[in-house]
Amino acid sequence: MKGLEYLYLDHAATTPMRETAFEAFKDAEEVAFANSSGGHELSRRAKNLLEESRDFIAGIFGAAPKEITFTSGGTEADNWIIKSPFLNNAPISSELVTTQIEHEAVLGSAEWIKEKGFEVKFIGVNGDGVVDVNEFVESCNKETLVASLMYANNETGVIQPISEILKKVKDVNPEILFHSDVVQAVASEKLDFHKLGIDSAAISGHKIGGPKGIGVMFLSSKYKLPNYFHGGKQELERRAGTVNVSGVAGLAAALKEQQETLSEEKMLLERERKIFEDTLKEKLQIKIVGENINRLSHISNIQFKDINSETLMVALDLKGLGVSRGSACASGAQKPSHVLKAMNVHDDDINSHLRFSFGWSTNDGDGLNAANIVLSTVESIS
Ligand SMILES: Cc1ncc(COP(=O)(O)O)c(C=O)c1O
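Rules used in this analysis
Residues numbered from 1 in each chain as written. Predicted model: local features only at pLDDT ≥ 70, side-chain atom pairs only at ≥ 80, totals over all residues. Heavy atoms only, no water. Domains from an automatic or database assignment. Contact = heavy atoms within 4.5 Å. Buried area = accessible area lost by both parts, 1.4 Å probe. Salt bridge = Lys/Arg side-chain N within 4 Å of Asp/Glu carboxyl O. Polar contact = N/O pair within 3.5 Å; in protein donor to acceptor, adjacent residues only side chain to side chain. Helix = DSSP H or I, 4+ residues; strand = E, 2+ residues; numbered from the N terminus. Nonpolar A, V, L, I, M, F, W, Y, C, P; charged D, E, K, R; others polar. 1 Å grid on protein atoms, 1.4 Å probe; cavity = no way out; pocket = protein on both sides within 12 Å on 5 of 7 lines; lining within 4 Å. Points joined across faces, edges and corners; volume = space filled by probe spheres on them. Pairing = 2+ DSSP bridges. Axes fitted to C-alpha atoms, helices over the stretch in contact; angles between N-to-C directions. Phe/Tyr/Trp six-rings, centres within 6.5 Å; stacked < 30°, edge-to-face > 60°. Expected span 1.5 Å × (residues − 1). Buried < 20%, exposed > 50% of the residue type's maximum accessible area, 1.4 Å probe, protein only. Near = heavy atom within 4 Å. Areas by Shrake-Rupley, 256 points an atom, 1.4 Å probe, with all protein chains shown as cover. Bend = angle between axes of the 7 residues up to and from the residue.

### Describing the domain arrangement of the chain
Link 1 in the chain: Each domain of the chain was delimited in the assignment, giving domain 1 (7–16 + 262–381) and domain 2 (19–256).
Link 2 in the chain: On a C-alpha basis, the centres of domain 1 and domain 2 stand 27 Å from each other.
Link 3 in the chain: Contact with domain 1, which involves 29 residues of that partner, is made by 32 residues of domain 2.
Link 4 in the chain: Among the residues of domain 1 in contact with domain 2, Leu-296, His-338 and Met-343 are the three that bury the most area, contributing 21% of the side total.
Link 5 in the chain: Viewed at the interface, domain 2 and domain 1 are joined by one salt bridge.
Link 6 in the chain: A salt bridge links Lys-266 to Glu-189; the shortest N-O distance between them is 2.9 Å.
Link 7 in the chain: In this assembly, domain 1 and domain 2 are joined by 17 residue pairs in polar contact (both at pLDDT 80 or more).
Link 8 in the chain: Looking at the side of domain 1 that touches domain 2, the elements that each hand over two or more residues are helix H9 (245–283), strand E10 (299–304), helix H11 (328–332) and helix H12 (338–342).
Link 9 in the chain: Across the side of domain 1 that touches domain 2, the residue classes break down as 15 nonpolar, eleven polar and three charged.

### Structural notes on the layout of surface pockets
Link 1 in the chain: Its volume calculated, the second largest pocket comes out at about 280 Å³.
Link 2 in the chain: In terms of residue count, strand E5 (residues 144–148) provides more of the lining of the second largest pocket than any other element does, three residues in total.
Link 3 in the chain: Tallied by class, the residues present in the lining of the second largest pocket amount to eight nonpolar, four polar and four charged.

### Quick word on the sheet that holds E5
Link 1 in the chain: Here we have seven strands laid out as an open sheet, ordered E2-E8-E7-E6-E5-E3-E4, and mixed in their pairing. In this open sheet, the two strands that pair with only one neighbour each are strand E2 (68–71) and strand E4 (119–123). The average angle at which neighbouring strand axes cross in this sheet is 20°, direction not considered.
Link 2 in the chain: Where strand E3 (residues 95–99) and E5 come together, three bridges link them in parallel fashion. By the bridge assignment, Glu-95 is partnered in E5 with Thr-144.

### Brief notes about the packing of aromatic side chains
Link 1 in the chain: On inspection of all chains with the given rule, the structure shows eight aromatic pairs.
Link 2 in the chain: Between Phe-136 and Phe-178 the ring centres are 6.3 Å apart and the planes differ by 35°, which places this aromatic pair in the tilted class. Of this pair, Phe-136 sits in helix H5 (residues 133–139) while Phe-178 is found in strand E6 (residues 177–181), placing the two residues 42 residues apart along the sequence.
Link 3 in the chain: With a centroid separation of 5.9 Å and 20° between ring planes, the pair formed by Tyr-228 and Phe-229 is classed as stacked.
Link 4 in the chain: Each member of the aromatic cluster is reached from another via a ring pair, and the members are Phe-276, Phe-304, Phe-356 and Phe-358.

### Regarding helix H4 (residues 104–115)
Link 1 in the chain: Compared with the 16 Å implied by 1.5 Å per residue over twelve residues, the 16 Å span of H4 between its first and last C-alpha is a close match.
Link 2 in the chain: Among all positions in H4, only Glu-104, Ala-105, Val-106, Leu-107, Ser-109, Ala-110 and Ile-113 are buried.
Link 3 in the chain: Immediately downstream of H4, the backbone of Gly-117 shows phi near 105°, a positive value.

### A short note on the site of the ligand
Link 1 in the chain: As a matter of local geometry, the ligand sits amid 13 residues, with Gly-74, Thr-75, Asp-181, Ser-204 and Lys-207 nearest to it.
Link 2 in the chain: One of the side-chain nitrogen or oxygen atoms of His-103 is found 3.2 Å away from an oxygen atom of the ligand.
Link 3 in the chain: In the model, an oxygen atom of the ligand is placed 2.8 Å from a nitrogen or oxygen of the His-206 side chain.
Link 4 in the chain: Summarising the interface, the protein chains cover 87% of the accessible area of the ligand, which totals 400 Å² for the free molecule.
Link 5 in the chain: Per element, the largest residue contribution to the shell around the ligand is three residues, and it comes from helix H3 (residues 74–87).
Link 6 in the chain: When its residues are assigned to classes, the shell around the ligand shows two nonpolar, eight polar and three charged.

### Some words on the pattern of salt bridges
Link 1 in the chain: Inspection of the entire model under this criterion finds 27 salt bridges.
Link 2 in the chain: In this structure, Asp-364 and Arg-271 form a salt bridge, with 2.3 Å as the shortest nitrogen-oxygen distance. Taken as a pair, Asp-364 in the loop between strand E12 (353–357) and helix H14 (366–381) and Arg-271 in helix H9 lie far apart in primary sequence, 93 residues in all.
Link 3 in the chain: On the accessibility criterion, Asp-364 (57% relative accessible area) is exposed.
Link 4 in the chain: With relative accessibility at 38%, the residue Arg-271 sits in the partly exposed group.
Link 5 in the chain: Because the salt bridges share partners, they merge into one network encompassing Lys-47, Glu-51, Arg-54 and Glu-235.

### Quick look at the pairing of strand E7 (residues 200–204)
Side-chain direction in a regular strand flips from residue to residue, so the side chains alternate between the two faces of the sheet.
Link 1 in the chain: Within E7, five of the five residues are buried, leaving the element largely enclosed by the surrounding structure.
Link 2 in the chain: Both faces of E7 are covered, namely the face carrying Ser-200, Ala-202 and Ser-204 and the face carrying Ala-201 and Ile-203.
Link 3 in the chain: For E6 and E7, the ladder comprises three bridges, and the chain directions are parallel. By the bridge assignment for E7, His-179 is matched with Ser-200.

### Notes on H3
Link 1 in the chain: Over its 14 residues, H3 runs 20 Å from end to end, which matches the ideal 20 Å to within 8%, given 1.5 Å per residue.
Link 2 in the chain: Of all the bends in H3, the largest measures some 25° and sits at Ile-81, one to four residues before the proline Pro-85.
Link 3 in the chain: Burial within H3 is extensive, with twelve of its 14 residues counted as buried.
Link 4 in the chain: After H3 finishes, the residue Asn-89 shows a positive phi value of roughly 50°.

See below:
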């Protein structure tokens, strides 16, 4: 990474900004800095850039421009979609179905709904971290207002059987708003929201080489949700507040580069991850979460037998390798991972997992370098 003598394998927490995104962000601040709601030439420039970016981003995900609302990130989009249907004079018998392995943005919203007196069902997963299809579908009924299932998990990378669940859920009740947090999936998968059949999605700019503080709420035009922020009439009258046009321009540029290079990037990520995992497997007793099932190309969650992950993470940091123990929030709060808990990983073993996440700034050779750093570090702390 430019100017850094540090091997960064924490892309699932956040990514550095792509050069093209940074340039687009800077350009927008220079030439389209005006308030996109104003009535003069500079405002029109900002508004044009905003709408061109909306059209472009919608096209990438097979959506209509009016189905795209810009938010401050994935957390806001998740909160909006999960909570607001319950704010709209929903009968108290209304229900939410989600899973035990969602990101905190969904889980926190679900807990909030539960506190308001609505029924919330948190569906479990198997030992690989895959959601129980039958339990999910059987938990949906005529009272279910929202069903929320992440496309892939941010701690393990494990991809969920979303198409199968979605189809069966809609057979139970076609009115259910089916939401998917695709924040992590977008980093290494090509997604078309309408083909996939989801009704709403949350996207975050900083996971794909875009700026922080910008995201997208996709909502199918079949649905209309109450506004979450009140005030001005920005964002198609849905979200009040001066629009972060430079963030939007940066996000559009990041997505453009990412989509153009997705297949090469995916190949590189898979190759480097394989070299990394194979090298570790030869010398250490490790278990790779979801090794033999469908998982995102950029995440490797590894259990190191009899090694404390906190100790290992700190020692790796001192040797110039940045990784994490799970999601950024969970590790910051030093809580045991709720995802591994849901997978029934034994308490003693939960604290021996580390997440290595590759990304767009990963280079040839990073997998082997990282593995060598891990091997020498494990030797030094054992
Ligand atoms: C799966 C998932 N959802 C939501 C978020 C939150 O996104 P943001 O940081 O843009 O609020 C994250 C980021 O950690 C994530 O990994």
